[in-house]
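Each chain is listed here by its residues.
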Amino acid sequence: MHQKYDKLSKLSCRIFANSLLRFIGEKPGIRNIYTYEIYTPNHRLKILDLVVETANGYCIDFEFHKLDTTEEIILRNIQYVVNFRLENGNLIKPYIISMADAEKSIRKAKIHPDLEIEIPFIFFKNYDGDEILEKIKKKINKNISIEEFDLFNMIFLPFMKHDKSDYEITMNLIDLANEIDLTEEQQYQLKACQIILVDIFIPENEKEKQLKVVNMGSTFLEEYERKLVEDAEKKGINNGRKEGKKEGKNEEKEEIAKKLKDDNVPIEKIIQYTGLSLNVINSL
């Protein structure tokens, strides 16, 4: 496992995370990147761990898994949610992004004899990457404009089901990105995300060469990152205005308690975390 600290990777990671939010249907906008860890190619289970703070103020933990998940993995994720809340003061929503078989993966775990919690999953292997790639190529050959969902498919296609190796499909997409007529924003979004794909799927001895092929400079990315942060802050402010002003610590605690209840956290734990009474929590 290694954690990236270089500027280009950080900037690319923010764009990749924002694209992932939109792909899975969450509201886009990244305020902060807590964790960005890529695991070595021969790691048995995980390939990427990404923790972000969203425009809405809550956090999301994206774990990219290669193999079928077990109850032990689900329990570990639940424990991480609790620990993150205690250590950082923020609620965190876990997602498992799986490259494995949906039928064989465990998605729930019991934390109490009467309480079972299910982790949200995205099974990329449910998407036919080869078919999606052919459709994109046909659009390119017919000079049909690439739309947003095409761009997302090109970003996440290496995680989908395909006949080629992850290495081959990533290389094909890098070449294809240089042939497509994209808007400036689409081009930088796609190429920024391809930096992450190179980091995950390309061997160390080829990474530097392929990053040059991607040909991504940091100047535009810095400007693009600034725009994403501003957008996230604006969305956070707008959401706050829609909900009305929430003054005082008690109102904040009630909001946290409601979210914990929605996540099926035991009542005694909610009392412990918020300090609210049982009657107040039951009334939420």
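Thresholds applied
- Within each chain, residues carry numbers counting from 1 in the order of the written sequence.
- Residue-level local features of this predicted model are given only where pLDDT is at least 70; pairs of side-chain atoms are given and counted only at 80 or more, and the full residue set underlies all totals for whole chains, interfaces and linings.
- Values reported for side chains reflect all heavy atoms of the structure, with hydrogen atoms and water molecules removed beforehand.
- When a carboxyl oxygen of Asp or Glu lies within 4 Å of a side-chain nitrogen of Lys or Arg, that pair is called a salt bridge.
- A run of H or I in DSSP counts as a helix once it spans at least four residues, and a run of E counts as a strand once it spans at least two, with each numbered from the N terminus.
- The contact rule is simple, with two residues in contact once any of their heavy atoms fall within 4.5 Å.
- Among buried residues, those of type Ala, Val, Leu, Ile, Met, Phe, Trp, Tyr and Cys that are joined through side-chain atoms within 4.5 Å constitute a nonpolar core.
- Using a 1.4 Å probe on the protein chains alone, a residue whose accessible area is under 20% of its type maximum counts as buried, one over 50% counts as exposed, and one in between counts as partly exposed.
- Contacts described as polar in this section are N or O atom pairs within 3.5 Å, which, within protein, must combine one atom able to donate a hydrogen with one able to accept it, while residues neighboring in sequence count only if both atoms come from side chains.

1. Describing the pattern of salt bridges
For the coordinates displayed, the defined rule picks out eight salt bridges. A salt bridge links Glu147 to Lys139; the nearest nitrogen and oxygen atoms lie 3.6 Å apart. Salt-bridge contacts for Lys207 lead to Glu204; the nearest nitrogen and oxygen are separated by 2.9 Å. A residue pair is termed a helical-turn pair when its members lie 3 or 4 positions apart in one helix, as Lys207 and Glu204 do in helix H7 (residues 204-214) at three residues.

2. Focus: the environment of Val51
Relative to the elements of secondary structure, Val51 occurs in strand S3 (residues 46-54). Separated by 18 residues in the primary sequence, Val51 and Ile33 place their C-alpha atoms 6.2 Å from one another. Setting aside residues no more than four positions away along its own chain, Val51 makes contact with Asn32, Ile33, Tyr34, Thr35, Ile60, Asp61, Tyr80, Phe84 and Ile92.

3. Points about the nonpolar core
Core analysis: the largest hydrophobic core is formed by 49 residues, its most contacted members being Phe16, Phe62, Phe64, Phe156 and Phe159. Among the elements that line this core, the one with the most residues is helix H1 (residues 7-24), at eight residues. Setting aside residues up to four positions removed in sequence, Phe159 forms contacts with Phe16, Ile47, Phe64, Met99, Phe124, Lys125, Leu197, Ile200 and Phe201. In this structure, Ile74, Ile78, Ile96 and Ile117 belong to the second largest nonpolar core, which totals ten residues.

4. Regarding the environment of Glu26
Mapping Glu26 onto the fold places it in the loop between H1 and strand S2 (30-38). Overall, the relative accessible area of 11% leaves Glu26 in the buried class. Between the alpha carbons of Glu26 and Thr54 there is a distance of 9.4 Å; along the sequence they are 28 residues apart. Ignoring sequence-local partners within four residues, the contact set of Glu26 consists of Leu21, Tyr58, Ile60, Lys93 and Tyr95. At 2.7 Å, the side chain of Glu26 and the side chain of Tyr58 are in polar contact. Within the local environment of Glu26, its side chain forms a polar contact with the side chain of Tyr95, the two groups lying 2.7 Å apart.

In short, the description is geometric, and any link to function would need to be established separately.
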